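A look at the structure
Residues per chain, in single letters:
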Amino acid sequence: MQQTPSVGRVVHYVSHGTPVRPDGTQEFPRACRAAIVTEVDPADPSRVGLAVLNPTGQFFHPLAAGGCVLDEAPEGARDGGSWHWPERA
Ligand SMILES: [Zn+2]
C-alpha cells in the first residue's frame, strides 16, 4: 500500500550527478541523498518540498520552486531531482 508523504518524514532525494562525459562516464553519478519533507502539495501529495542533506551541504527544494516529484522506478533508473521512500537495507 502506498504511503502518503507528510511533513517531517525522511525520504531519499536523487542527486543529478555531474554531466556525462563524451566517453559515457561521470565524475559523480546520481546518488540517493537523505531528505526531509518540508511541504506536501495538497492537490498532488506525490509532489513535495524537500530539505536535502548532502554529505557536504544542504539545499532546499520548496514547492514554490516546483518541489520534487515521486519516482517509483527501480534503483538506478530514477530521475535526478526526484524523491522516493528509502530502500530497505
Ligand atoms: Zn534511495
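A quick note: this is a predicted structure, and the numbers were derived from the prediction, not measured.

Once that is clear, we can look at the overall build of the protein chain. For the protein chain, the helix and strand inventory stands at 0 helices and 6 strands. Across the protein chain, helices and strands are ordered from the amino to the carboxyl terminus as β-β-β-β-β-β. Over its C-alpha atoms the protein chain spans a radius of gyration of 13 Å, differing by no more than 12% from the 12 Å that the globule rule assigns to 89 residues. Reported as C-alpha extents along the three principal axes, the dimensions of the protein chain are approximately 45 × 30 × 25 Å. Relative to its full complement of 89 residues, the protein chain shows a buried share of 28%. Residue pairs at least 24 apart in sequence account for 41% of intrachain contacts in the protein chain once pairs closer than 6 positions are excluded. Surface accessibility of the protein chain: about 5,700 Å² in total, with carbon and sulfur atoms responsible for 56%. Within the protein chain, the 10 negative side-chain charges are centred at a point lying 4 Å from the centre of the 7 positive side-chain charges.

So, on to the nonpolar core. Counting 11 residues, the largest nonpolar core consists of Val11, Tyr13, Ala35, Val37, Val48, Leu50, Val52, Cys68, Leu70, Trp83 and Trp85. With 3 residues, strand β3 (residues 47-54) is the largest single contributor of residues to this core. When neighbours within four sequence positions are excluded, alanine 35 is seen to be in contact with Arg9, Val10, Val11, Tyr13, Leu50, Ala51 and Val52.

The next point concerns the packing of aromatic side chains. All chains considered together, the criterion is met by 2 aromatic pairs. Taken together, a centroid distance of 5.7 Å and an interplanar angle of 85 degrees make the contact between tyrosine 13 and phenylalanine 59 edge-to-face. Residue tyrosine 13 is found in strand β1 (residues 10-14), and its partner phenylalanine 59 is found in strand β4 (residues 57-61); the two are separated by 46 residues along the sequence. On the basis of an interplanar angle of 80 degrees and a centroid distance of 5.4 Å, the ring pair of tryptophan 83 and tryptophan 85 is categorised as edge-to-face. The same class applies to tryptophan 83 as to tryptophan 85, namely buried.

This part takes up a nonpolar patch on the surface. Side chains of Val10, Ile36 and Leu53 sit close together on the surface and give an oily, nonpolar patch of about 220 Å² of accessible area. Positionally, valine 10 belongs in strand β1.

Here we come to the pattern of salt bridges. Under the definition given, this model contains 1 salt bridge. We note a salt bridge from arginine 78 to glutamate 87, for which the minimum N-O separation is 2.9 Å.

A word on the coordination of the zinc ion. The zinc ion binds to the protein through His12 (ND1), Cys32 (SG), His84 (NE2), Glu87 (OE) and Glu87 (OE); the donor distances cover 2.1 to 2.4 Å. Positions of the donor residues of the zinc ion, expressed as sequence spacing, correspond to H-x19-C-x51-H-x2-E. A residue pair is termed long-range when its members are at least 10 positions apart, and histidine 12 in strand β1 and histidine 84 in strand β6 (residues 83-84) qualify at 72 residues. For histidine 12, a relative accessible area of 18% corresponds to the buried category.

Quick notes on the rules
- Residues numbered from 1 in each chain as written.
- Predicted model: local features only at pLDDT ≥ 70, side-chain atom pairs only at ≥ 80, totals over all residues.
- Heavy atoms only, no water.
- Helix = DSSP H or I, 4+ residues; strand = E, 2+ residues; numbered from the N terminus.
- Rg over C-alpha atoms; globule rule 2.2 N^0.38 Å.
- Buried < 20%, exposed > 50% of the residue type's maximum accessible area, 1.4 Å probe, protein only.
- Contact = heavy atoms within 4.5 Å.
- Areas by Shrake-Rupley, 256 points an atom, 1.4 Å probe, with all protein chains shown as cover.
- Lys, Arg positive; Asp, Glu negative; His and termini not counted.
- Charge placed at Lys NZ, Arg CZ, Asp CG, Glu CD.
- Core = buried A, V, L, I, M, F, W, Y, C linked by side-chain atoms within 4.5 Å.
- Phe/Tyr/Trp six-rings, centres within 6.5 Å; stacked < 30°, edge-to-face > 60°.
- Patch = residues over 30% accessible without salt bridge, like charges linked within 9 Å, V, L, I, M, F, W, Y side chains within 5 Å.
- Salt bridge = Lys/Arg side-chain N within 4 Å of Asp/Glu carboxyl O.
- Donors = N, O, S within 2.8 Å, 3.2 Å for Na, K, Ca; no water.

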